[in-house]
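The primary structure of each chain is shown beneath.
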Amino acid sequence: ALSSLKSRFEQFQVYEENFGFLFDLKKLSSTNKECLKTYCVNLEDFLKHDELSDIDGRDLFLELNVLKEVLPEGIKRPIEVLNYLKTMDGCFPNAWIVYRILLTTCYSGL
């Protein structure tokens, strides 16, 4: 049981390092542009398999800069962001992908 808990804790640390800026919407809103760009590029690298990636980190950076300005004020949780993105009909393709990955990973318990 202790080994399982330790493993899960380590997985959550990796998860927080790579996706944490998306999970906490206050952090996303207050992150300066240089840090946000770094987070996005690092997330692209984290999601790479061989040389293929599901997202483009620089495009994600641009999308998130717009998204954090247009998100309705009542949206507080990542699932609400994903639902909002669904209504935007493909306007934020990289954000759509990363929020689906974030929530799939989060709810599957890693």
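Only a predicted model underlies this, so the values are computations on that prediction, with no experimental measurement involved.

1. Some words on the layout of surface pockets
In this approach a probe as big as a water molecule rolls over the atoms, and the regions it shows empty are the leftover space.
For step 1, the next point in the chain: In this structure, the largest pocket occupies an estimated 220 Å³ of space.
For step 2, the next point in the chain: What lines the largest pocket is Asp24, Leu25, Lys26, Leu28, Ser29, Lys68, Leu71, Pro72, Glu73, Ile75 and Lys76.
For step 3, the next point in the chain: It is helix α2 (residues 25-30) that provides the largest number of residues to the lining of the largest pocket, a total of four residues.
For step 4, the next point in the chain: Within the lining of the largest pocket, the residues separate by chemical class into five nonpolar, one polar and five charged.

2. Overview of helix α5 (residues 78-87)
For step 1, the next point in the chain: Among all positions of α5, only Pro78, Val81, Leu82, Tyr84 and Leu85 are buried. One face of α5 carries all of its buried residues, which in axial projection span an arc of 160°. Exposed side of α5, more than 90 degrees from the buried face: Lys86 and Thr87 are the residues found there.
For step 2, the next point in the chain: Two residues or fewer after α5 comes Asp89, characterised by a positive phi angle close to 50°.

Each value, and the rule that gives it
- One numbering rule holds for all chains: residues counted from 1, following each sequence as written.
- Local features are withheld for residues below a pLDDT of 70 in this predicted model, meaning they are given only at 70 or higher, and side-chain atom pairs are given and counted only at 80 or more; totals for whole chains, interfaces and linings count all residues.
- To get the side-chain values, all heavy atoms of the structure are used, and hydrogens and water are removed first.
- Of the two site types, the cavity is a set of points on a 1 Å grid over the protein atoms alone where a 1.4 Å probe fits but cannot get out, and the pocket is an open set with protein on both sides within 12 Å along at least five of seven lines, each lined by residues with an atom within 4 Å of a point.
- Grid points are joined across faces, edges and corners, and a volume is the space filled by probe spheres set on the points.
- We count a stretch as a helix when DSSP gives it H or I for four or more residues in a row; a strand needs E for two or more, and each element gets its number in order from the N terminus.
- For this scheme, ten residues count as nonpolar: Ala, Val, Leu, Ile, Met, Phe, Trp, Tyr, Cys and Pro. Four count as charged, namely Asp, Glu, Lys and Arg, and the remainder, Gly too, count as polar.
- Summary of the burial criterion: residues with accessible area below 20% of their type's maximum are buried, those above 50% are exposed, and those between are partly exposed, where the area comes from a 1.4 Å probe applied to protein chains only.
- Here, the arc refers to the directions that run from the helix axis to the C-beta atoms.

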